[in-house]
Amino acid sequence: QVQLVESGGGSVQSGGSLNISCAVTTSSSTTTTSRWCMGWFRQIPGNEREGVATVAGGGEKIYADSVKGRFTISRNVATSTLYLQMNNLKPEDTAMYYCAARWSYYCRSSPAQRDFNYWGQGTQVTVSS
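Enquirer: So what exactly am I meant to see when it comes to the overall build of the protein chain here?
Expert: When you go through the protein chain residue by residue, the secondary structure sums to zero helices and eleven strands. The linear arrangement of helices and strands in the protein chain, starting from the amino end, is β-β-β-β-β-β-β-β-β-β-β. Against the 2.2 N^0.38 benchmark of 14 Å for 129 residues, the protein chain shows a C-alpha radius of gyration of 14 Å, consistent with a compact globule. Seen along its three principal axes, the alpha-carbon backbone of the protein chain occupies a region of about 45 × 25 × 25 Å. Burial status across the protein chain gives 43% buried among its 129 residues. By sequence separation, contacts in the protein chain at least 24 residues apart represent 60% of the contacts at least 6 residues apart.

Enquirer: Looking at this model, I keep getting lost on the pattern of salt bridges. Mind explaining?
Expert: Side chains that differ in charge, positive against negative, can pair when their charged atoms come close. According to the stated counting rule, one finds five salt bridges in the structure shown. Its salt-bridge partner being Glu 50, residue Arg 42 comes within 3.4 Å of it at the nearest N-O pair. On the basis of relative accessible area, Glu 50 is assigned to the partly exposed category, the value being 39%. A salt bridge links Arg 42 to Asp 93; the shortest N-O distance between them is 2.9 Å.

About the criteria used
- Residues numbered from 1 in each chain as written.
- Predicted model: local features only at pLDDT ≥ 70, side-chain atom pairs only at ≥ 80, totals over all residues.
- Heavy atoms only, no water.
- Helix = DSSP H or I, 4+ residues; strand = E, 2+ residues; numbered from the N terminus.
- Rg over C-alpha atoms; globule rule 2.2 N^0.38 Å.
- Buried < 20%, exposed > 50% of the residue type's maximum accessible area, 1.4 Å probe, protein only.
- Contact = heavy atoms within 4.5 Å.
- Salt bridge = Lys/Arg side-chain N within 4 Å of Asp/Glu carboxyl O.

By themselves, these are just geometric observations and shouldn't be taken as functional.
Structure representation (structure tokens):
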């Protein structure tokens, strides 16, 4: 079993930055997500959960066009933590952000909610104009 807990969300003005985190724990010492596909999604109430960024087991990173050049996904294996550094935030970035893990070494080129097995509870990011 995998547990994901997000933190670091908050309110920021347009152009500001936030770094949100996802702490990863497992119920067994024989289970690790360090080589899994992991990602960040975001969701506006009433809308579909949208893929923001993913990092594959081999380190390959994919970003949604809307965040390229502004967001950076990273993984710290030693601390079992996934990060999303968000710079130059825009009002349209306002959403609940979710951490996700897929039981696979690979990430799809167009990540979708259905492709991920585990989810965190979300952390709210609000960007004012």
